[in-house]
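# Working through the structure, step by step
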Amino acid sequence: MGEAQVSLEHLFRVFTKPEHKDSKLAQIEQHLSDNILDFLSQHVVTKKTSLEEVEQDFADAAMPESPEFVSTHAENLLEKLVAHSVNTYSPTFIGHMTSALPYFHLSLSKLLVGLNQNLVKIETSKAFTPLERQVLGMMHNLVYEQSEPFYEQYLHSARHALGAFCSGGTVANITALWVARNKLLGPDSGFSGVARAGLASALRHYNINNLGVLCSKRGHYSLSKAVDLLGIGREGLLTLPCPDQVLDPEKALQAGKAYQEQGNRLLAIVGIGGTTETGHVDPLDELADVAKELGCWFHVDAAWGGATLFSQSYRYIMKGIERADSVTIDAHKQMYVPMGAGMTLFKNPEHANAVRHHAQYILREGSKDLGATTLEGSRNGMAMMVYSSLHILGRRGYELLINQSIDKAKQFAKMIDEHPDFELVTSPTLSLLTYRVCPQSVQQTLLALPAGKAQRLNGKVDRLVVNVQKLQREAGKSFVSRTRLESPTYGAYPITVFRVVLANPLTTVADLKAILQEQHDIAMRNRVWQDLTLSGEPLANVVNN
Ligand SMILES: *Cc1c(COP(=O)(O)O)cnc(C)c1O
């Protein structure tokens, strides 16, 4: 059943014939565009199905031999794929940076696929190329606020780039450090530059022992991938401890100097504009001074926090970002654009020339092909989603969204603070916070304990937090993530915490109250809680042994 005819006639129909109005796929389409929240709540069933069970549905490596009717296939997708997807639109899904999207993206994505432009070259994109350049210009303007004739001069110049559009923050960070590397180790007398001669020759020519990149321990793992890929190596990523959650400029300066005194060269300092784990923002302005003193590149990873710049009330948190040589911003995070939209912005429009690449059949000298300065080749027109969002929401719309996220995070922090059995671990700078559940009596015991014993007791609390997070996820009503970090109170060792990202504008304060209540209920029923709170033996054991 469901097998279609193996004929070109049938295949041509697949290419050309719109779906019948009553077909399964058309129904799905209709339902999605009528009411996406309803579609998701109806079809994404958060059943207690384990990943292993889901894998059974995708266990066969055999190539499907014969064509299948689209409708039959759509049924399949609903049953196997949609049903076991994650409802990221749910207002109680507050564990990650992925959330609900404005409805118009659904229709726009059809337009995007309908046009199927390839932005690697003008010959397959035309209007999309200037659109993407304009989007990069608008975002550049948001960060660097240059006055005219700057944008008039560079926005569409074939010899300049205000940024590079890419699939996300990872590629954006790689692109930024790639440009930094090629700038630092560029052509010199008797040397063709690292891009041509390779890293080994470059280090020899410039008499550099090792190349390093410095950031705090909260740096995103994509930086680690970047240094690996660029030949610097993961050991070349110098991550400094940050008990205060941010990179200390004084310590960064010392570490940078000590590193360079050993014959090494610091390629870049990376300041984080909103860490993935806690949402903290490094002191960017001071780090810009440090980079200047050390003579290295200053990159700001604002993949998450960059959108804070839309808000007049909170823009100050990012002060100093305008001094960065390059900035990463993800539109698929706080700009509510579908997955696959990242950007690197370059302060100096000439910098991207350090990675410019030419080929014979495209990307010719003097062409405006975007592929000449992007890491990725064929690329879709996601920039249109950013373009439309910027127009449909406007700077002021984004400002409202950013403000309400941060304000809500503050309200949630207050709620946690006031609850006797919860501890706020890191309070929100942006719309992220971490906390843990810990019985009040245990909190008091911890205060009185010497460090070593407190660590052992904290180990038990860690287990409670892990259990609650897992059970909550399995129950399927709500989701928060968890991580391990050195807290302001216990700086010497990491503790396990709940991590909340208030990205979804539709999450209400009532939702947050309910989530806290649910966690409390789960915790009190947990064996570890009982262990921790039973007077007498068990707790005494933990403390006394
Ligand atoms: C999300 C994030 C990244 C990685 O971005 P992707 O889009 O997932 O590749 C990098 N840095 C920070 C600070 C992030 O929050």
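Only a predicted model underlies this, so the values are computations on that prediction, with no experimental measurement involved.

## Let's talk about the overall build of the protein chain
- For the protein chain, the count of helices and strands is 20 helices and eleven strands.
- Taken over the C-alpha trace, the protein chain has a radius of gyration of 26 Å; the compact-globule value for 545 residues is 24 Å, and the two agree within 12%.
- Considering only contacts within the protein chain whose residues lie at least 6 apart along the sequence, 71% involve residues at least 24 apart.
- Total accessible area computed for the protein chain in this model is approximately 25,900 Å², and 53% of it derives from carbon and sulfur atoms.
- Across the protein chain, the centroid of the 52 positively charged side chains sits 2 Å from that of the 56 negatively charged ones.

## Some thoughts on the UniProt feature "modified residue: N6-(pyridoxal phosphate)lysine" (unreviewed entry) in the protein chain
- The feature "modified residue: N6-(pyridoxal phosphate)lysine" (unreviewed entry), as given by UniProt, occupies Lys333 in the numbering adopted here.
- Its location among the elements puts Lys333 in the loop between strand 6 (326-330) and strand 7 (342-346).
- Setting aside anything within four residues of it in sequence, one finds Lys333 in contact with Met97, Ala303 and Trp304.

## What to know about the pairing of strand 6
- Strand 6 sits mainly inside the fold: five of its five residues count as buried.
- Of the two faces of strand 6, the one lined by Ser326, Thr328 and Asp330 and the one lined by Val327 and Ile329 are each fully buried.
- Pairing of strand 5 (residues 297-301) with strand 6 involves three bridges; the strand directions are parallel. Opposite Val300, over in strand 6, you have Val327 as the bridge partner.
- The pairing of strand 6 with strand 7 spans five bridges and is classified as antiparallel. Residue pairing in the sheet places Val327 in a bridge with Leu345 of strand 7.

## What about the site of the ligand?
- The local shell around the ligand holds 15 residues, among which Thr170, Asp301, Asp330, His332 and Lys333 are the closest.
- Note that an oxygen atom of the ligand is positioned 2.9 Å from one of the side-chain N or O atoms of Lys333.
- Relative to its unbound accessible area of 380 Å², the ligand is 87% covered by the protein chains.
- Considering every element that reaches the shell around the ligand, the biggest residue donor is helix 9 (residues 169-184), with three residues.
- Residues belonging to the shell around the ligand are distributed by class as follows: three nonpolar, nine polar and three charged.

## Structural notes on helix 12 (residues 221-229)
- Every buried residue of helix 12 is listed here: Ser222, Leu223, Ser224, Ala226 and Val227.
- Contact partners of the buried residues in helix 12: helix 9, strand 2 (211-216), strand 3 (237-240) and strand 4 (265-272).
- Count one or two residues on from helix 12 and you reach Gly231, which has phi positive near 85°.

## Some points on the sheet that holds strand 9 (residues 432-437)
- Spatially, 8-9-11-10 is the arrangement adopted by the four strands of the open sheet, whose pairing is antiparallel. Looking at strand neighbours, the two that pair on one side only are strand 8 (422-426) and strand 10 (481-485), the edges of this open sheet. Direction aside, the axes of adjacent strands within the sheet are offset by 40° on average.
- When strand 9 meets strand 11 (residues 495-501), the two strands line up antiparallel, connected through four bridges. Looking at strand 11, one finds that Tyr435 is bridged to Phe498.
- Relative to strand 11, helix 17 (residues 451-475) is tilted by about 35°, and along the sheet it contacts strand 9, strand 10 and strand 11.

## Examining the pairing of strand 4
- Across the eight residues that make up strand 4, a large majority, seven, are buried.
- Two strands pair when backbone bridges link them, and strand 2 and strand 4 are joined in this way by four bridges, in the parallel orientation. Counterpart to Val213 in the pairing with strand 4 is Ala268.
- Both strand 4 and strand 5 contribute to a ladder of five bridges, which runs parallel. Opposite Ala268, over in strand 5, you have Trp297 as the bridge partner.

## Some words on the packing of aromatic side chains
- One pass over the structure, following the stated rule, counts ten aromatic pairs.
- Ring centres 6.3 Å apart and planes at 80° place the aromatic pair Tyr103 and Phe104 in the edge-to-face group.
- Tyr103 gets classed as exposed once you look at its relative accessible area, which sits at 64%.
- Residue Phe104 is classed as buried on the basis of its relative accessible area of 11%.
- Their ring planes at 80° and their centres at 4.9 Å tell us that Phe150 and Tyr151 sit as a pair that is edge-to-face.

## Looking at the pattern of salt bridges
- Applying the stated criterion across every chain, the model contains 17 salt bridges.
- Across the pair Asp462 and Arg484 runs a salt bridge whose closest N-O atoms are separated by 3.1 Å. Placement of the pair is Asp462 in helix 17 and Arg484 in strand 10, with a sequence separation of 22 residues.
- Given a relative accessible area of 10%, Asp462 falls into the buried group.

## Let's talk about the domain arrangement of the protein chain
- Under the domain assignment used here, the protein chain contains domain 1 (8-87), domain 2 (118-381) and domain 3 (405-544).
- Once you take the C-alpha centre of each, domain 1 and domain 3 turn out to be 39 Å apart.

Calculation criteria
- Residues numbered from 1 in each chain as written.
- Predicted model: local features only at pLDDT ≥ 70, side-chain atom pairs only at ≥ 80, totals over all residues.
- Heavy atoms only, no water.
- Helix = DSSP H or I, 4+ residues; strand = E, 2+ residues; numbered from the N terminus.
- Rg over C-alpha atoms; globule rule 2.2 N^0.38 Å.
- Contact = heavy atoms within 4.5 Å.
- Areas by Shrake-Rupley, 256 points an atom, 1.4 Å probe, with all protein chains shown as cover.
- Lys, Arg positive; Asp, Glu negative; His and termini not counted.
- Charge placed at Lys NZ, Arg CZ, Asp CG, Glu CD.
- UniProt positions renumbered as here; feature names shortened; annotations may be inferred.
- Buried < 20%, exposed > 50% of the residue type's maximum accessible area, 1.4 Å probe, protein only.
- Pairing = 2+ DSSP bridges.
- Near = heavy atom within 4 Å.
- Polar contact = N/O pair within 3.5 Å; in protein donor to acceptor, adjacent residues only side chain to side chain.
- Nonpolar A, V, L, I, M, F, W, Y, C, P; charged D, E, K, R; others polar.
- Axes fitted to C-alpha atoms, helices over the stretch in contact; angles between N-to-C directions.
- Phe/Tyr/Trp six-rings, centres within 6.5 Å; stacked < 30°, edge-to-face > 60°.
- Salt bridge = Lys/Arg side-chain N within 4 Å of Asp/Glu carboxyl O.
- Domains from an automatic or database assignment.

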